Amino acid sequence: MRTEGVRGVVADAALVAGKDLRLERRSKVGLSQVLPFALLVILLFAFALDPDRRVLGAATPGLYWMVVLFSAVLAVQRSFGVEGEDDVLDALRLSGLSAPGIFLGKVAALMVQLLALEFVLAIAVAVFYGTEISGILLLVGVTTTATVGIAAAGGTYGGLVARIRGRDTLLPLLLLPLLAPVLISATRGTEVALGRDAGPGWPWVGLLGIFGAVYLTLGALLFRPLLEDA
Amino acid sequence: MTTTTTQAASDRRVAPTSTSSTATRVLGISSVVGLALLVIFGVFVSPPDAELGQTIRILYMHVPTVSVAYLAFLITAVGSAMYLWKRTEFWDLLAASAAEIGVVFFGLTILNGMLWGKITWGVFWRWEPRLTTTAVLLLTYLGYLAVRAIPADPRTRATRSAAIGLLAVVNIPIVHKAVDWWRGLHQERTIFGTTKPEIQGTQAFAAYLGLAVFLLLFAWLLIHRFRVAFLAERAAESGLGAAIAERRQEASESSATAVSHSEGDR
């Protein structure tokens, strides 16, 4: 018998997140496609901006978060691509799982994948762009809150476009403008952490936290109508 | 059959056959006369500002267009929330109509902001906080319109767009804050942001007239756009009904022919 209330939602979320991560572990799409794509873009930015360290160095935080956003679009497409086929979303609905539970589970799985990607990318940026990583505490704060926001907004829009035939072109158009404040805040926060900017860094974390909390709540509330009618 | 006929008749009685009514005619005439007055007062009668000079005249259009756009997106958000609650066509079409007009007014805001920029900075675009915010939000609402343009049954389309209408409006203050902090690092002369012109006399009159005229214009466009959307829905429904009736007719004709053929064979 299923547990009701908050504990039920958390249990459902854990089930869905476990399922998504298991799928990822077996298919290795993230590892074999999304991660190489992200590394490729890191390389392409260096070609576009000349390996002159000054240009590349100054732009590193922004480029890093741009790569994260592009990769996040791919990860969201993948996460909901598997649900959109063969009416799996309907099956999830009929399985008796709560809609907020499904949403939070998908977001949690996305977060785990994105955090892993961000970790590898940070090492790549340190190696290729010669970035010295400093201000670890602030960096962790920025990365965690930004990832919550990206995954929450991505999860909501992923659910929204899952059944649309042209979802691959539609998702970036919907998601990227919404994530504009995340890009601004995460980039500035990272600049402060890396010592490139003297301003305070924690207000950016606060703004990212608000973004994440707002879209987690909205997504959890909107997921039932989206699952049923969209 | 009788029920369907009665319902169709009552639908025809309720559904308007055009988007115009006495109220919209009055609104339309008032908007056009108001716009003419605004041009006279804003461009010819009112004097230039001591600080902003002639560029203050752009303010008489810029402030109304951006205010009306935000009002439109607020209506979209309210319509979206109400749709998810009440599930009625009215709220869905209201939200969609307001979003479309909001996008047009946001486009105008960016255009007149860029004209101001060309005069003040010598270039059309600088990453000025208000213009940047407007550009980001414009793209957000273009996504809303893109989703509405995807063929889907009305309930699906309405649910998708209601979700976007709500997600987008919540982002407005967050985008504002992020862009403000970001550009706050290198503060420059912002569009009517740092300078608060002491407007009085004909200048104040032109400013308030601009706001009133654009509100009238918005109401006029919104009513018409809503009615067009409503009629489009009815046309789609009757088109579907007619197509079904046609197919049924064809089917009964072909079965009648088949029967007469088989009788002839006998």
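Everything that follows concerns the structure shown earlier in this document.
Please read all numbers here as calculations on a predicted model, not as lab measurements. (Residues numbered from 1 in each chain as written. Chains lettered and ligands numbered in written order. Predicted model: local features only at pLDDT ≥ 70, side-chain atom pairs only at ≥ 80, totals over all residues. Heavy atoms only, no water.)

> How should I be thinking about the overall build of chain A in this particular structure?
A tally of regular secondary structure across chain A gives nine helices and zero strands. In sequence order, the secondary structure elements of chain A are arranged as α-α-α-α-α-α-α-α-α. Here the C-alpha radius of gyration of chain A, 18 Å, is about what a compact globule of 230 residues would show, namely 17 Å. A principal-axis box enclosing the C-alpha atoms of chain A has dimensions of 60 × 30 × 30 Å. Every one of the 230 residues in chain A was classed for burial, and the buried ones make up 52%. When contacts within chain A are restricted to residue pairs at least 6 apart in sequence, those whose partners lie at least 24 apart make up 83%. Within the structure as shown, chain A displays about 10100 Å² of accessible surface, and the carbon and sulfur contribution to it stands at 67%. Side chains of chain A give 18 positive and 18 negative charges; the mean places of these two sets differ by 4 Å. (Helix = DSSP H or I, 4+ residues; strand = E, 2+ residues; numbered from the N terminus. Rg over C-alpha atoms; globule rule 2.2 N^0.38 Å. Buried < 20%, exposed > 50% of the residue type's maximum accessible area, 1.4 Å probe, protein only. Contact = heavy atoms within 4.5 Å. Areas by Shrake-Rupley, 256 points an atom, 1.4 Å probe, with all protein chains shown as cover. Lys, Arg positive; Asp, Glu negative; His and termini not counted. Charge placed at Lys NZ, Arg CZ, Asp CG, Glu CD.)

> Which parts of the structure should I look at to understand the packing of helix H5 (residues 99–128) of chain A against helix H6 (residues 136–161) of chain A?
What describes two packed helices is the angle between their axes and the distance between those same axes. Residues and elements named next belong to chain A. One way to put it is that H5 packs onto H6 with a least axis distance of 8 Å and a crossing angle of 135°. With respect to H6, the element H5 is oriented oblique. Between H5 and H6 lies a crossing whose hand is right-handed. Two secondary-structure elements touch here, H5 through Phe 103, Val 107, Leu 110, Met 111, Leu 114, Leu 115 and Glu 118 and H6 through Thr 143, Thr 147, Val 148, Ile 150, Ala 151, Ala 152, Gly 155 and Thr 156. Split into classes, the residues belonging to the contact of H5 with H6 amount to 10 nonpolar, four polar and one charged. (Axes fitted to C-alpha atoms, helices over the stretch in contact; angles between N-to-C directions. Parallel < 35°, antiparallel > 145°, perpendicular 65-115°, else oblique. Left-handed = near helix turned anticlockwise from the far one by under 90°. Nonpolar A, V, L, I, M, F, W, Y, C, P; charged D, E, K, R; others polar.)

> Just to check I follow, could you spell out the packing of aromatic side chains for this structure?
Where two aromatic rings form a pair, the distance of their centres and the angle of their planes describe that pair. Counted according to the given criterion, the structure contains 14 aromatic pairs over all chains. Between Arg 234 of chain B and the ring centre of Phe 230 of chain B, over which it is positioned, the NZ or CZ distance is 4.6 Å. (Phe/Tyr/Trp six-rings, centres within 6.5 Å; stacked < 30°, edge-to-face > 60°. Lys NZ or Arg CZ within 6 Å of the ring centre and 35° of its normal.)

> Can you help me understand unusual backbone geometry in this one?
The phi angle of most residues is negative, glycine excepted, and most peptide bonds adopt the trans form. With a phi angle near 55°, Asp 87 of chain A is a residue other than glycine that sits in the positive phi range. Note on placement: Asp 87 of chain A falls in the loop between helix H3 (53–84) and helix H4 (88–94). A relative accessible area of 52% means that Asp 87 of chain A is categorised as exposed. The residue Arg 87 of chain B is not glycine, and still its phi comes out positive at about 60°.

> Could you clarify how one ought to interpret the side chain of Arg 188 of chain A in this entry?
All names here are of chain A. Checked against the element boundaries, Arg 188 lands in helix H8 (residues 180–193). Overall, the relative accessible area of 19% leaves Arg 188 in the buried class. A distance of 3.1 Å separates polar atoms of two side chains, one belonging to Arg 188 and the other to Glu 191. (Polar contact = N/O pair within 3.5 Å; in protein donor to acceptor, adjacent residues only side chain to side chain.)

> Please clarify how the interface of chain B and chain A should be interpreted in this entry.
A common way to state how big an interface is: give the accessible area lost once the parts meet. Tallying the contact residues gives 29 residues for chain B and 28 residues for chain A. When the two sides are added together, the surface that chain B and chain A hide from each other amounts to roughly 2500 Å², 81% of it contributed by carbon and sulfur. Applying the counting rule to chain B against chain A returns two salt bridges. Salt-bridge contacts for Arg 155 of chain B lead to Asp 229 of chain A; the nearest nitrogen and oxygen are separated by 3.0 Å. Along the contact surface separating chain B from chain A lie six residue pairs in polar contact (both at pLDDT 80 or more). Counting only elements with at least two residues in the side of chain B that touches chain A, the list comes to helix H5 (129–148) and helix H6 (154–184) of chain B. In terms of residue class, the side of chain B that touches chain A is made up of 20 nonpolar, five polar and four charged. (Buried area = accessible area lost by both parts, 1.4 Å probe. Salt bridge = Lys/Arg side-chain N within 4 Å of Asp/Glu carboxyl O.)

> Is there a simple way to explain helix H3 (residues 56–86) of chain B in this structure?
At 3.6 residues per turn, the α-helix brings residues three or four places apart onto the same side. Compared with an ideal rise of 1.5 Å per residue, which puts 31 residues at 45 Å, H3 of chain B spans 45 Å between its outermost C-alpha atoms and is within 8% of the ideal. Trailing H3 of chain B by a residue or two, Arg 87 of chain B shows a phi angle of about 60°, which is positive. (Expected span 1.5 Å × (residues − 1).)

> Please clarify how the pattern of salt bridges should be interpreted in this entry.
Side chains bearing opposite charge may pair, as long as their charged atoms lie close to each other. Taken as a whole, this structure holds 19 salt bridges over all chains when the rule is applied. For Asp 20 of chain A, the salt bridge is made with Lys 106 of chain A, and the minimal N-O distance between the two is 2.9 Å. Of the two residues, Asp 20 of chain A is situated in helix H1 (residues 5–27) and Lys 106 of chain A in helix H5; the sequence distance between them amounts to 86 residues. Residue Asp 20 of chain A is classed as buried on the basis of its relative accessible area of 5%. When its relative accessible area of 1% is taken as the criterion, Lys 106 of chain A is described as buried. A salt bridge links Asp 92 of chain B to Arg 148 of chain B; the shortest N-O distance between them is 2.9 Å. Here the residue Asp 92 of chain B occupies a position in helix H4 (residues 89–120), and Arg 148 of chain B occupies one in helix H5, the gap between them amounting to 56 residues. Owing to a relative accessible area of 6%, Asp 92 of chain B belongs among the buried residues under this scheme. Linked by salt bridges that have partners in common, Lys 19, Asp 20, Glu 83 and Lys 106 of chain A make up one network.

> Quick question: what am I supposed to make of the side chain of Ser 46 of chain B here?
By the element assignment, Ser 46 of chain B lies in the loop between helix H2 (22–45) and H3. Ignoring anything within four residues of it in the chain, the contact list for Ser 46 of chain B reads Phe 41, Arg 57, Tyr 60, Thr 202 and Gln 203 of chain B.

> How do you make sense of H4 of chain B when you look at a structure like this?
The terminal C-alpha atoms of H4 of chain B lie 46 Å apart, and with 32 residues this matches the ideal 46 Å at 1.5 Å per residue to within 8%. Immediately downstream of H4 of chain B, the backbone of Gly 122 of chain B shows phi near 90°, a positive value.

> Quick question: what am I supposed to make of the nonpolar core here?
Soluble globular proteins: nonpolar side chains tend toward being buried together. Within the largest apolar cluster, 125 residues are counted, with the highest numbers of intra-cluster contacts made by Ile 150 and Tyr 157 of chain A. In contact with Ile 150 of chain A, other than residues within four places in its own chain, are Trp 65, Val 68, Leu 69, Ala 72, Leu 114, Leu 179 and Val 182 of chain A. (Core = buried A, V, L, I, M, F, W, Y, C linked by side-chain atoms within 4.5 Å.)

> When you look at the packing of helix H2 (residues 29–49) of chain A against H5 of chain A in this model, what are you seeing that I'm missing?
All names here are of chain A. Taken N-terminus to C-terminus, the directions of H2 and H5 make an angle of 30°; their axes are 11 Å apart at the nearest point. With respect to H5, the axis of H2 lies roughly parallel. Pair H2 / H5 crosses with right-handed handedness. Mapping the contact onto sequence places Val 34, Leu 35, Ala 38, Leu 39, Ile 42 and Leu 43 in H2 and Leu 117, Val 120, Leu 121, Ala 124, Val 125 and Phe 128 in H5.

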